[in-house]
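# Examination of the molecular architecture
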Amino acid sequence: MIIICLANTDLQAQIHPENESTKSKLTFDQNTDLTIYENLGFFRKFKNTLTFYNNKLEMSFSGNLVEQGLANSFISPDLQLQAELELTYKLRDNLSINSYGKYITNPLNNGGNGQTRYNSLFEQSEIGLEVKTELQKNIQLEVGDKILLDNNNLNLKSPMRVYTRLLKKF
């Protein structure tokens, strides 16, 4: 798969089957995600995603170029390749189960040494399972666990992380 990076550009293509009653579709999407942690660092993902939807199942595969670095660092930000796979099964309109896996390479620059390695705020290789529910309109609750796949994890006895996230959309 050729990764095409278009900064700050959204490009979408959709293929619809002839029979719309199946409600299945295949989409291709390109976008850029940027997360900044004040006085700590940032990561930016140039995402290329192929997604298949039907009534209850969504499967997506992304090939990404990731740029991540620390604030006040004299080293240039790490450039890494990332592959992500995500499966979501909708149990009801407001309840779904989501499983995912992502793998990120060692930096292509900086001699292969990552400056954001072992920091869970930044992109890491991991697998996970979560349950998502919409409590009210624009309020979402996520509960899940993830396993960090880095063999050099700082906490080798317990690579699993359990988390809860409450999101309010504006």
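Structure shown above.
We now turn to the structure provided with this report.

Pairing is possible between side chains of opposite charge, provided their charged atoms come close. Under the defined criterion, the tally for this structure stands at 9 salt bridges. When the shortest N-O distance is used, the salt bridge between E67 and R44 registers 3.0 Å. You can see E67 sitting in strand β4 (residues 57-70) and its partner R44 sitting in strand β3 (residues 41-53), a full 23 residues away along the chain. When its relative accessible area of 17% is taken as the criterion, E67 is described as buried. By relative accessible area, which is 26% here, R44 ends up partly exposed.

What follows deals with the pairing of strand β2 (residues 25-37). Examined bridge by bridge, β2 and β3 share 13 bridges and lie antiparallel to one another. Paired with D33 across the strands is K45, a residue of β3. From the end of β2 to the start of β3, which pair antiparallel, there are 3 residues, and N39 there has a positive phi angle of about 65°.

This part is about the environment of V66. Along the chain, V66 falls in strand β4. C-alpha of V66 to C-alpha of E123: the two residues are 57 residues apart in sequence and 8.2 Å apart in space.

Reading the values: rules and limits
Residues numbered from 1 in each chain as written. Predicted model: local features only at pLDDT ≥ 70, side-chain atom pairs only at ≥ 80, totals over all residues. Heavy atoms only, no water. Salt bridge = Lys/Arg side-chain N within 4 Å of Asp/Glu carboxyl O. Helix = DSSP H or I, 4+ residues; strand = E, 2+ residues; numbered from the N terminus. Buried < 20%, exposed > 50% of the residue type's maximum accessible area, 1.4 Å probe, protein only. Pairing = 2+ DSSP bridges.

Read these as layout, nothing more, since geometry by itself doesn't imply function.
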